[in-house]
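Below are the chains, spelled out letter by letter.
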Amino acid sequence: MTLAHKISAFNRNRKYKIFLELFKPNSTLSILDVGYSDKEYSATDNFLEKNYPFQEKITALGIDEPDKFSERYPQVKAIQYGGKKFPFIDKVFDICWSNAVLEHVGNNDDQLLFLKEIKRVSTMAFITTPNRYFPVEVHTRTILLHFLPKKIFERYLLSIGKKWATGNYMNLLSYDDIKTLLKSAGISNYRIIRNKILFFTLDFIIIINKDKAI
């Protein structure tokens, strides 16, 4: 396991412990996992499904056909969608879990819709996303250059053969960016937890409406 994978595993375990402590999930709570992966590239992919003790209470939403996903997690209801509006009625889920997906859904308008849909279909939410100003861009393992304007950073990615990380693959957010998006989405009852490595914030956990239930 590489150092990057070790850090990812440590951080996902840390976030999952925070989730358990805050929400104290049980067999009666329904959970929407937004952003499953059909192909797993590391042991930390589909982290909720691997660890949550009540898989039958999870509905997983994603843009891929859930062929391998459903084989691995047969108790989880997997639904493919087009990446915009969620195919659910209002407030059908107790909790929405979305780990490291917000930065991948598209531009600012897409991210705003994503948050509005989470608010619409769930009572509470646990959302994580990387910090734009962490010294290392975690998807491409690039140091500092992601601080540059997106177009310039993407030219660099093209030059080193990482075209897959350009376009709408990722739109990284800062603390202030997240607060602005939440306000625009009409979400006021939230708090943001900073997950740190040494002195740097690696990523953010956005907790929405925790005090309104459980």
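Everything numeric here is computed off the predicted structure, so don't read it as measured data.

Caption draft 1: Spatial organisation of the layout of surface pockets. When its volume is computed, the second largest pocket comes out at roughly 240 Å³. Lining the second largest pocket are 17 residues; nearest its centre among them are Arg-132, Lys-150, Met-170, Asn-171 and Leu-172. Of all the secondary structure elements, the ones that give two or more residues to the lining of the second largest pocket are α4 (108-121) and α5 (150-159). By residue number, the principal contributor to the lining of the second largest pocket is α5, which donates four residues. When its residues are assigned to classes, the lining of the second largest pocket shows eight nonpolar, five polar and four charged.

Caption draft 2: Local environment of the pairing of strand β9 (residues 200-208). Burial runs high along β9: eight of the nine residues are buried. As judged from the eight bridges shared by strand β8 (residues 190-197) and β9, these two strands associate in the antiparallel manner. Directly across from Ile-193, in β9, lies its bridge partner Ile-205. Counting the residues that bridge the hairpin from β8 to β9 gives two residues, and of these Leu-198 lies at a positive phi of roughly 55°.

Caption draft 3: Region of the structure containing a nonpolar patch on the surface. A cluster of nonpolar side chains, Tyr-133, Ile-143, Leu-144 and Phe-147, forms an exposed patch at the surface whose accessible area comes to about 400 Å². Relative to the assigned elements, Tyr-133 resides in the loop between β5 (122-130) and β6 (136-137).

Caption draft 4: How the structure looks around α4. Along its 14 residues, α4 runs 20 Å from first to last C-alpha, staying within 8% of the 20 Å computed at 1.5 Å per residue. Buried within α4 we find Asp-110, Gln-111, Leu-112, Phe-114, Leu-115, Glu-117, Ile-118, Arg-120 and Val-121. The inward-facing, buried residues of α4 abut β1 (31-34), β4 (93-99), β5 and α6 (175-184). Two or three places before Asp-109, at the start of α4, stands the capping residue Asn-107, its side-chain oxygen 3.1 Å from that residue's backbone nitrogen.

Basis of the calculations
By convention here, each chain's residues receive numbers from 1 onward along its written sequence. The predicted origin of the model limits local features to residues at a pLDDT of at least 70 and limits the giving and counting of side-chain atom pairs to 80 or more, whereas totals for whole chains, interfaces and linings rest on all residues. In computing side-chain properties, one takes all heavy atoms of the structure into account and sets aside hydrogens as well as water. Points on a 1 Å grid, built from protein atoms alone, make a cavity when a 1.4 Å probe fits but cannot get out and make a pocket when they are open with protein on both sides within 12 Å along at least 5 of 7 lines; residues with an atom within 4 Å of a point are the lining residues. Grid points are joined across faces, edges and corners, and a volume is the space filled by probe spheres set on the points. Here a helix means four or more residues in a row that DSSP labels H or I, a strand means two or more in a row labelled E, and each is numbered from the N terminus. Each residue receives one of three labels: charged for Asp, Glu, Lys and Arg, nonpolar for Ala, Val, Leu, Ile, Met, Phe, Trp, Tyr, Cys and Pro, and polar for the others, Gly being one of them. Whether a residue is buried, partly exposed or exposed follows from its accessible area with a 1.4 Å probe, protein chains only, as a fraction of its type maximum: under 20%, in between, or over 50%, in that order. Two strands qualify as a pair provided DSSP detects at least 2 bridges between them. Patch definition: residues above 30% relative accessible area lacking any salt bridge, with like charges linked at up to 9 Å and the nonpolar side chains Val, Leu, Ile, Met, Phe, Trp and Tyr linked at up to 5 Å. A 1.4 Å probe and the Shrake-Rupley method give the accessible areas. Residues count as covered only by the protein chains that appear here. Salt bridges, as used here, are contacts in which a Lys or Arg side-chain nitrogen is within 4 Å of a carboxyl oxygen on Asp or Glu. One less than the residue count of a helix, multiplied by 1.5 Å, gives the span that helix is expected to have. Only heavy atoms enter the contact rule, under which two residues are in contact if any of them lie within 4.5 Å. Polar contacts, as counted here, are pairs of nitrogen or oxygen atoms within 3.5 Å of one another; within protein the pair requires one atom able to donate a hydrogen and one able to accept it, and residues that are adjacent in sequence qualify only if both atoms are side-chain atoms.

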